[in-house]
Every structure is written in C-alpha cells, then in structure tokens.
Amino acid sequence: MNEIAIIIPSRLDAKRLPNKPLKLINDKEMILHVHEVACNANIGEVYVATPDQEVFDLIKKNGGKASLTSKKHLTGTDRVYEVFKKDLKKNSKIIINLQGDMPNIKSESIKNLANYMKKNLCDIATLGSDLNKKEEENNPNVVKLITEQDIKKINFSNALDFYRISKNMVNYNIFHHIGIYAFTSKALIRYVSLERSKLELERK
C-alpha cells in the first residue's frame, strides 16, 4: 500500500453545472483529464470516488480505479473518506482530495503539495495561484484564499480565510484557491467526524 493516495470525488448532480465530469474537453471527458493528471504525478494510488455508475464505468473502461460511493454524502470529503476506509483500509498516511473539475492542474503542483505534506509541518494543506483581479475578484464562482505571507515568495504559508464574495480587501495576500486538499490520515478521520460549520454552510 502506497504512503500517499489521490482520491478524486466526482458526481453528475452538481448544482452549478450538471453532468460536469462528462463535459468534453478536446474530445475527452473532464474527469478523464483530471484522472490522467493525477496518475502522471506518480506519487501513489489514484481512485475516482463517485456515486454515479456512468462515471465509474468510464474510469474503469479507461484502465483506472474507481469506487462507487453512497449517494447520501453531503461533501466530496465524505466521499473521499469512504474510499479511504473501504478501498484503502485506512492504510495511506497522506490522502489528497483532488476535485474532479480541475483539468488544468499540473502534475508538478500535486507533487509539490505531497512533498510538503511529507515534511509533517501541518495536518491539512491546499494550493493557491495568482488571482486575476479584474476578472476573478468579484466572481463568486472563484474561491479566494488569504494567506499570512506571500506564497509566491515563501512557497507555503498559513491560510487565514477563504471566501467567494469580494470583501474589497487591500494589502492582503489574496490568491485564487485551487481545488485540492491534502490531509494526514488522522486529520481526515477527525475532519469527517465534525459537524459542518456555519462558515462552511454559508460559503459553500
């Protein structure tokens, strides 16, 4: 069993864009692009966690590992945990939750996150990129990330906040949040045991 596992939660019943995983990009389904990038990172096992038979069959047909999960999960992280528990038998030390709508993420970025987690400096980590302030700052579909220090200078920093709606902040380190989360196994187990917080429900 590999020390690191990448689990990609994917479902067809998305509120903002139904059937998103099956949308074609250059004649290939989005979820296949994401799965390919995850595999190319070459850091551990890759699973797609889905409640949908169509997505499950697509991944299996293309030689990947997929797991049919409960349709009752409220979050993608709950879906990830089911695979961690059921398929990985809780043996992986680091679990990376890579969102299924991230076809443009680079394999090197996934490796960078995994390598940071190996240093045992934190329990949960994520990534951010440059924010196009004119186009993205007021776009509620773009999640913003505020960090304690400039991650362009020091690579990793403590995260202070995440939000969708513009707060008109000045002199803060604001970035475009990337949909990938790395957990230690203990942190993942603890996280899914918690009730969803007021902020999580408000900000989705």
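On a predicted model such as this, the values are computed, not experimentally measured, just so you know. (Residues numbered from 1 in each chain as written. Predicted model: local features only at pLDDT ≥ 70, side-chain atom pairs only at ≥ 80, totals over all residues. Heavy atoms only, no water.)

Caption draft 1: Broad picture of the packing of helix α3 (residues 76-86) against helix α7 (residues 185-193). Where α3 contacts α7, the two axes come as close as 10 Å, and the packing angle between them is 125°. Considering their axes alone, α3 and α7 lie oblique with respect to each other. Between α3 and α7 lies a crossing whose hand is left-handed. Facing α3, whose interface residues are T77, D78, V80, Y81 and F84, α7 presents S185, L188, I189, Y191 and V192. (Axes fitted to C-alpha atoms, helices over the stretch in contact; angles between N-to-C directions. Helix = DSSP H or I, 4+ residues; strand = E, 2+ residues; numbered from the N terminus. Parallel < 35°, antiparallel > 145°, perpendicular 65-115°, else oblique. Left-handed = near helix turned anticlockwise from the far one by under 90°. Contact = heavy atoms within 4.5 Å.)

Caption draft 2: Region of the structure containing the environment of T75. Along the chain, T75 falls in the loop between β5 (65-68) and α3. C-alpha separation for the pair T75 and V192, spaced 117 residues apart in sequence, amounts to 9.4 Å. Reaching out from T75, the side chain makes a polar contact with the side chain of D78 at a distance of 2.9 Å. (Polar contact = N/O pair within 3.5 Å; in protein donor to acceptor, adjacent residues only side chain to side chain.)

Caption draft 3: Examining the packing of aromatic side chains more closely. Throughout the structure, instances matching the rule amount to three aromatic pairs. Pairing Y81 with F84 gives two aromatic rings, centres 6.1 Å apart and planes at 50°, and the pair type is tilted. Here Y81 and its partner F84 are both found in helix α3, three residues apart, which amounts to about one turn of the helix. Y81 sits in the buried class, given a relative accessible area of 17%. On the basis of relative accessible area, F84 is assigned to the buried category, the value being 0%. Measuring from ring centre to ring centre gives 3.9 Å for Y116 and F156, while their planes differ by 10°; the resulting arrangement is stacked. Of this pair, Y116 sits in helix α4 (residues 107-117) while F156 sits in the loop between α6 (151-154) and β9 (159-163), and the two are 40 residues apart along the sequence. Across the pair, exposure class does not vary: Y116 and F156 are buried alike. (Phe/Tyr/Trp six-rings, centres within 6.5 Å; stacked < 30°, edge-to-face > 60°. Buried < 20%, exposed > 50% of the residue type's maximum accessible area, 1.4 Å probe, protein only.)

Caption draft 4: Molecular detail of the pattern of salt bridges. Counting across every chain of the model gives 10 salt bridges. For D52, the salt bridge is made with K71, and the minimal N-O distance between the two is 4.0 Å. Of this pair, D52 sits in the loop between β4 (45-50) and α2 (53-61) while K71 sits in the loop between β5 and α3; the two residues are 19 residues apart in sequence, bridging distant segments of the chain. The class of K71 is exposed, set by a relative accessible area of 63%. (Salt bridge = Lys/Arg side-chain N within 4 Å of Asp/Glu carboxyl O.)

Caption draft 5: Structural detail: the packing of helix α1 (residues 30-41) against α4. Axis separation between α1 and α4 bottoms out at 8 Å; the angle between their running directions is 55°. In this view, α1 runs oblique relative to α4, as classed from their interaxial angle. Both α1 and α4 take part in a crossing whose hand is right-handed. Only S107, I110 and K111 of α4 make contact with α1, whose side of the interface consists of V37, A38, N40 and A41. Partitioning the contact of α1 with α4 into residue classes produces four nonpolar, two polar and one charged. (Nonpolar A, V, L, I, M, F, W, Y, C, P; charged D, E, K, R; others polar.)

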